[in-house]
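# Observations on the three-dimensional arrangement
The chain contents come next:
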Amino acid sequence: VEDGETKGSTAHGKYSVALNKDNHAYQRSSFAVGGGNQVGMTEEEFNAKYPEGKDSVGSTYEESDSFAFVGGQQNKVPAKGAAIPGGYLNVVDGDYSVVLTGHRNTVSARYASILGGTLNNVEVSSDASTILSGIYNIVGGAYCTVGGIFNDIRSSGTVALGNNLQSDGNHGNKKVLLGSFNNPDSYAFFQLGFGTEGD
């Protein structure tokens, strides 16, 4: 407390730790370090996710554990068992998922990861998918591995390395896409694109 105002970080839950500047560790068993971060869910976030008042293991908000870690600056990890060790303005709200570093990355799926880059997104339906690095990649399928820039992958079990690659589940899953500007309407399971936006 400084001049009657609470300063620094706050560990709101039992067995939680909040270090450095303006960090908040909500729920039990959570850890926050760095600056301006949040780990664990607030009670309002918990009630919005679990309207019946109990989580997937039957715990109330007061009983629930986070088991999550956050570092870096202005990152947010409300998910259970998830982590952001570094970076800036990243969010992990998929349980047991991670963003290692980067800027404005989001992981909403379970068991998923983003290793680095900026403005990448692993969507909620994309369990166990990974974005290696890059910019503006979107993964909407499960069990995918993606790297590069401006890739939009919606099929499951797909590997995409390059730029402006696309796939969707309507034209088959389990694809390998390399290069740039492939044809997303193709039924091919391996594509090496060397195109441009109009070709």
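Coordinates for the structure precede this section.
Notes on the structure in this doc start here.

Conventions and cut-offs
- Residues numbered from 1 in each chain as written.
- Predicted model: local features only at pLDDT ≥ 70, side-chain atom pairs only at ≥ 80, totals over all residues.
- Heavy atoms only, no water.
- Helix = DSSP H or I, 4+ residues; strand = E, 2+ residues; numbered from the N terminus.
- Buried < 20%, exposed > 50% of the residue type's maximum accessible area, 1.4 Å probe, protein only.
- Contact = heavy atoms within 4.5 Å.
- Areas by Shrake-Rupley, 256 points an atom, 1.4 Å probe, with all protein chains shown as cover.
- Lys, Arg positive; Asp, Glu negative; His and termini not counted.
- Charge placed at Lys NZ, Arg CZ, Asp CG, Glu CD.
- Salt bridge = Lys/Arg side-chain N within 4 Å of Asp/Glu carboxyl O.

## Regarding the overall build of the chain
- The helix and strand inventory of the chain stands at one helix and 21 strands.
- Across the 199 residues of the chain, 42% fall into the buried class.
- Within the chain, counting contacts between residues at least 6 apart in sequence, those at least 24 apart form 11% of the total.
- For the chain, the accessible surface area stands at approximately 9800 Å², while carbon and sulfur atoms represent 54% of it.
- For the chain, the centre of its 13 positive side-chain charges and the centre of its 21 negative side-chain charges are spaced 5 Å apart.

## A look at the pattern of salt bridges
- Applying the stated rule across the entire model yields seven salt bridges.
- Here Asp 22 and Lys 21 are joined by a salt bridge, their closest N and O atoms 2.6 Å apart.
- Looking at Asp 22, the relative accessible area reads 33%, which means it is partly exposed.
- Close ionic contact of Arg 110 with Asp 127 constitutes a salt bridge, the shortest N to O distance being 2.6 Å. Here Arg 110 is found in the loop between β11 (106-107) and β12 (113-114), whereas its partner Asp 127 is found in the loop between β13 (121-122) and β14 (130-135), with 17 residues between them in sequence.
- Here the residues in one salt-bridge network are Glu 123, Asp 152 and Arg 154, joined through shared partners.

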